Amino acid sequence: MTEITRRETLRKGFAVASFLAIPEWALPALAQGEEDVRFIDLPQNYNPSANPNAATRQYDIRTIDGMLTPKDRFFTTQHMNKPEIDPDKYRLKFTGMVMKPSEFSLADLKAMKSTEMTVGFECSGNSARAIEGLSSCGKFTGVPLSAVLKQLGVHPKAREVVFFGTDHQTQDVAFRQQTYKLDQQFGRSITLENALKPEPMLAYAMNGDSLTLNQGFPVRLVMPGWYGVANVKWLSEVHLQEDRYLGNYQARWYRSVIGVGGSGGDTDPDTQWVETEITHMHLKSAIAQVRKSGGGYRVLGFVLNDGTPLKSVEVQIDNGPWQRATLDPANSQYSWKLFTFQWDGAAPGEHTLVSRVTDADGNVQPTAAELSRKKTFLQDNAQFPRKVMIS
Ligand SMILES: Nc1nc2c(c(=O)[nH]1)N[C@H]1C(S)=C(S)[C@@H](COP(=O)(O)O)O[C@H]1N2
Ligand SMILES: [Mo]
């Protein structure tokens, strides 16, 4: 795919680095003689892959063996049912403020010019509590949303693009003192400006195969650089309108509430409680594996972010100095960014390892303490100290 955005042009250095990457799998699976070092910070019997059919399934990040997460290990979650859709009867509708309201079959979409993009994925509820396992990375194939919108023509007053899944359920809809029980379809929206960017994709394949039921078969929206919730699965309708969309999963369930300024007390009048939507991924890194390799140890982890180029990833051991990790040359702008760190001279016993990422805009991954004034648990991009035992 050749997709040159203005931001990418500005980040030429970064793009060149990823073009030079010849090996698709720069990080090999457990090599001969390598051995996993045990994490001692995991819950007893931690085994998120035990039940492949669980409604929510984490990716066991100790098992990362390359850039792409296999489809049967990709993390998954959703709020309601998982609708089974007959691909022959499937239709994707474009409604509202489009010049030519239309619907597309799966074959129609597959006949259009396709693009491919490797995208790191994270649920906004991911955090150390989930051992950072509500994250994965896949290579998606689909049609750019902007191409379809341009083909159909957008009404000049349209400003909001709403995506509806096929899944629906009776839910509570709160209004002041009242709560209504109403049938609700899963819905999310973005601005028209964001919808017309080159990245958003109507995806029908991941890692070269059709999407699985968990991943939203037959078609989902893929929003590179955005938290999972924006990536609407089992996509049934794209609706253009002028007004903001305020559905449950847009305006109520997915919000960040964080205190800024003042003394920090909840009722301190000098504290401003900043309430925002869940949109782009916040800069995060996490250590996923530690392996005994030759005489030393190899630490492997990943970075998730909004696509801004990175300045550095560093690793700190037992409160020692921050030391630079090496980014994998196979990383690309919207993939997760794998990194390794060579740890030599580890003494037997317990050790704490933590990583920290800084991007080119100067954002630094915060510590948990620095995020302590965030009320809602979403968007937790805190550093994740890991404990290992060296024998
Ligand atoms: N239709 C629909 N799409 C959805 C959801 C949902 O409940 N319904 N959940 C969202 C959330 S919260 C996340 S984190 C991702 C998870 O995608 P995955 O199961 O492919 O990992 O799907 C998003 N898309
Ligand atoms: Mo999510």
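Cut-offs and rules
- Residues numbered from 1 in each chain as written.
- Chains lettered and ligands numbered in written order.
- Predicted model: local features only at pLDDT ≥ 70, side-chain atom pairs only at ≥ 80, totals over all residues.
- Heavy atoms only, no water.
- Phe/Tyr/Trp six-rings, centres within 6.5 Å; stacked < 30°, edge-to-face > 60°.
- Buried < 20%, exposed > 50% of the residue type's maximum accessible area, 1.4 Å probe, protein only.
- Lys NZ or Arg CZ within 6 Å of the ring centre and 35° of its normal.
- Helix = DSSP H or I, 4+ residues; strand = E, 2+ residues; numbered from the N terminus.
- Arc of directions from axis to C-beta.
- pLDDT = per-residue confidence, 0-100.
- Contact = heavy atoms within 4.5 Å.
- Pairing = 2+ DSSP bridges.
- Core = buried A, V, L, I, M, F, W, Y, C linked by side-chain atoms within 4.5 Å.
- Domains from an automatic or database assignment.
- Axes fitted to C-alpha atoms, helices over the stretch in contact; angles between N-to-C directions.
- Disulfide = S-S within 2.5 Å.
- Near = heavy atom within 4 Å.
- Polar contact = N/O pair within 3.5 Å; in protein donor to acceptor, adjacent residues only side chain to side chain.
- Areas by Shrake-Rupley, 256 points an atom, 1.4 Å probe, with all protein chains shown as cover.

**Topic: the packing of aromatic side chains**
Working step 1: Tallying each qualifying case throughout the model produces twelve aromatic pairs.
Working step 2: Between phenylalanine 74 and phenylalanine 75, the ring centres sit 6.1 Å apart and the planes meet at 15°, which makes this aromatic pair stacked.
Working step 3: Look at phenylalanine 74 and you get buried, because its relative accessible area is 2%.
Working step 4: By relative accessible area, which is 8% here, phenylalanine 75 ends up buried.
Working step 5: Put simply, the rings of Phe74, Phe75, Phe121 and Phe140 pair up and form one aromatic cluster.
Working step 6: Positioned above the aromatic ring of tryptophan 322 is the side chain of arginine 356, whose terminal nitrogen or guanidinium carbon lies 4.2 Å from the ring centre.
Working step 7: The ring of phenylalanine 39 is capped by arginine 386, whose NZ or CZ atom sits 3.8 Å from the centre of that ring.

**Digging into helix α4 (residues 145–152)**
Think of an α-helix as turning once every 3.6 residues; residues three or four places apart then point the same way.
Working step 1: Among the residues of α4, Leu145, Ser146, Val148, Leu149 and Leu152 are the ones counted as buried. On an axial view of α4, the arc spanned by its buried residues comes to 160°, and they lie on one face.
Working step 2: Immediately beyond the C-terminal end of α4, within one or two residues, lies glycine 153, with a positive phi of roughly 80°.

**A word on the confidence of the model for the protein chain**
Detailed reading of the predicted coordinates is not advisable wherever pLDDT is low.
Working step 1: When pLDDT is averaged along the protein chain, the result is 92, and 92% of the positions lie at 70 or above.
Working step 2: Note that residues 1–25 has pLDDT below 50 and, in this model, 35 contacts with residues that lie over four places away or in other chains.

**A look at the pairing of strand β19 (residues 337–343)**
Side chains on a regular strand alternate between the two faces of the sheet.
Working step 1: Along β19, six of the seven residues are buried, which leaves the element largely enclosed by surrounding structure.
Working step 2: In terms of strand pairing, strand β15 (residues 296–304) meets β19 through seven bridges, oriented antiparallel. Among the inter-strand pairings, tyrosine 297 is bridged to a residue of β19, identified as tryptophan 343.
Working step 3: Here strand β18 (residues 326–327) runs beside β19; their pairing, made up of two bridges, is antiparallel. Across the sheet, leucine 327 pairs through a bridge with phenylalanine 339, a residue of β19.

**Quick word on the nonpolar core**
Working step 1: Ranked by internal contacts, the top residues of the largest apolar core, which has 96 residues, are Phe94, Phe140, Val290 and Trp343.
Working step 2: Looking at this core, you find at least three residues from each of domain 1 (6–67 + 280–390) and domain 2 (76–257).
Working step 3: Non-local contacts of tryptophan 343, meaning those with residues more than four positions away in its chain, are made with Val290, Gly296, Tyr297, Val299, Ile317, His351, Leu353, Val388 and Ile390.

**Here's the deal with the sheet that holds strand β3 (residues 102–104)**
Working step 1: Taken in spatial order, the five strands make up an open sheet running β3-β2-β11-β6-β7, and their pairing is mixed. Strands with a single pairing partner mark the edges of an open sheet, and in this sheet they are β3 and β7 (178–191). When the angles between neighbouring strand axes are averaged without regard to direction, this sheet yields 35°.
Working step 2: Across 13 bridges, the pairing between strand β6 (residues 160–175) and β7 is antiparallel. Residue pairing in the sheet places glutamine 171 in a bridge with leucine 182 of β7.

**Structural notes on the state of the cysteines**
Working step 1: Going through the model one piece at a time under the given rule, you end up with zero disulfides.
Working step 2: No disulfide involves cysteine 137; its nearest neighbouring cysteine sulfur is the one of cysteine 123, lying 16 Å away.

**Section: the site of ligand 1**
Working step 1: Near ligand 1 you find 20 residues, and of these Phe75, Thr76, Asp167, Arg220 and Lys233 are the closest.
Working step 2: A distance of 3.2 Å is found between an oxygen atom of ligand 1 and a backbone nitrogen or oxygen belonging to threonine 77.
Working step 3: Protein contacts shield 99% of the accessible area of ligand 1, which totals 530 Å² for the unbound molecule.

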